[in-house]
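Structural overview for review
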Amino acid sequence: MSTYAIGDVQGCFDELKQLLGQFHFGKDKDRLWFVGDLVNRGPKSLEVLRFVRDLEERAIVVLGNHDLHLITQHEGFERTRKDDTFADVLGARDAKELVQWLRMRPLMHVEGGNAMVHAGLLPQWSVQGAQRLAGEVSAALSGTGYREFLKNMYGSKPDEWSDALTGWDRLRVIVNAMTRLRFCTRQGKMEFHAKGTTPPPGYAPWFTFRSDEQAIVCGHWSALGLKVTDELAALDSGCVWGGKLSALRLEDRALFQVPCAGYQAAGGE
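First, a word on scope: everything that follows refers to the structure included in this document. (Residues numbered from 1 in each chain as written. Predicted model: local features only at pLDDT ≥ 70, side-chain atom pairs only at ≥ 80, totals over all residues. Heavy atoms only, no water.)

Remarks on the overall build of the chain
When its secondary structure is counted, the chain shows 8 helices and 13 strands. Computed over the C-alpha atoms, the radius of gyration of the chain is 17 Å, within 12% of the 18 Å expected from 2.2 N^0.38 for a compact globule of 269 residues. Considering only contacts within the chain whose residues lie at least 6 apart along the sequence, 66% involve residues at least 24 apart. Only carbon and sulfur atoms are counted for the fraction: they give 48% of the accessible area of the chain, which is about 11,200 Å². With 32 positive and 34 negative side-chain charges, the chain shows a separation of 3 Å between the mean positions of the two kinds. (Helix = DSSP H or I, 4+ residues; strand = E, 2+ residues; numbered from the N terminus. Rg over C-alpha atoms; globule rule 2.2 N^0.38 Å. Contact = heavy atoms within 4.5 Å. Areas by Shrake-Rupley, 256 points an atom, 1.4 Å probe, with all protein chains shown as cover. Lys, Arg positive; Asp, Glu negative; His and termini not counted. Charge placed at Lys NZ, Arg CZ, Asp CG, Glu CD.)

Take a look at the structure:
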């Protein structure tokens, strides 16, 4: 059995199928880890969601910012953006079931020598501690009061972690770090505007402050591109922007990639 971690798919279903064919994915023997952002910006979010959901236990998915955007739109808490491309999901006969399935996905998955999260982790958090914090968000998303959480989830403040945080502020910081983070300070203050690779003064890429026993598997940062080291597997190689869709076999770090047509002008999020 092999496990393949796959970068941000973002509705690029044709490329996903090509990638699975490249490493001869076998549903009866292999598993897929998806780093989040299954949907949006690409043309076939509905096909991606149905396919991944139907893999059942063969697929592990963590939530990304675009997945949360779809969930909040379905629940009526966020406006449509001009570059959204998941109307196919919202108008589907099985939209409710698909979005509910997506809402039940975790923010973080830790197994063996790897820890998967969509964007990143703050310097103050151990992997084990971050997994517990992710569980707090999962409890809010899967509970009966999930709509109240979604209504209060968005915002960039507070922009740094404190163990004293409670309520919506606490959950919002966890969500922002795990689904939006690129740059932060050594003290864990986050910056949400810069999308390129040049850090604002006083900030640095979040992973420069970490030294973990587990390798962090993530996506989200297409401008950074593919970056694989012993401690990091950043797998967003910008498929939807005309880059590549990438998969990393976790057992031996073998890399597989397919070129992507590009469905959006480069430079987005």
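That shown, we press on.
Observations regarding the sheet that holds strand β7 (residues 190-191)
In space, the 3 strands of this open sheet follow the order β7-β6-β8, with antiparallel pairing throughout. Two strands lie at the open edges of the sheet, namely β7 and β8 (204-205), each paired on one side alone. By the bridge criterion, 2 bridges tie strand β6 (residues 183-184) to β7 in an arrangement that is antiparallel. Considered in β7, the bridge of Phe183 is made with Glu191. (Pairing = 2+ DSSP bridges.)

Description of the pairing of strand β4 (residues 108-111)
Inspection of the sheet shows β4 paired to strand β5 (residues 114-117) by 4 bridges, in the antiparallel sense. In the strand pairing of β5, His109 is matched with Met116. Hairpin connection of β4 to β5: 2 residues between the antiparallel strands, including Gly112 at a positive phi of 60°.

Regarding a nonpolar patch on the surface
A contiguous nonpolar patch, built from Leu226, Val228 and Leu255 and spanning about 200 Å² of accessible area, is present on the exposed surface. The partly exposed category is assigned to Val228, whose relative accessible area is 35%. (Patch = residues over 30% accessible without salt bridge, like charges linked within 9 Å, V, L, I, M, F, W, Y side chains within 5 Å. Salt bridge = Lys/Arg side-chain N within 4 Å of Asp/Glu carboxyl O. Buried < 20%, exposed > 50% of the residue type's maximum accessible area, 1.4 Å probe, protein only.)

Quick word on the state of the cysteines
Disulfide: a covalent bond connecting the sulfur atoms of a pair of cysteines. For the structure on display, the rule yields 1 disulfide. Bridging Cys239 to Cys260, the disulfide has an S-S length of 2.2 Å. Measuring the twist about the S-S bond at about -105°, one finds the Cys239-Cys260 disulfide to be left-handed. Of this pair, Cys239 sits in the loop between β11 (232-234) and β12 (244-249) while Cys260 is found in the segment after β13 (254-259), placing the two residues 21 residues apart along the sequence. Like Cys260, Cys239 is buried. (Disulfide = S-S within 2.5 Å.)

What about the nonpolar core?
Where a protein is soluble and globular, its nonpolar side chains tend to be buried together. In this structure, Ile6, Phe34, Leu38 and Met178 are the most contacted members of the largest nonpolar core, which totals 84 residues. In this view, Ile6 contacts Leu16, Leu19, Leu20, Leu32, Trp33, Phe34, Val35, Leu235, Leu245, Ser246 and Ala247; residues no more than four positions away in its chain are not counted. With 11 residues, the next largest nonpolar core counts Ala5, Met116, Leu235 and Leu248 among its residues. (Core = buried A, V, L, I, M, F, W, Y, C linked by side-chain atoms within 4.5 Å.)

Read these as geometric descriptors, not functional statements.
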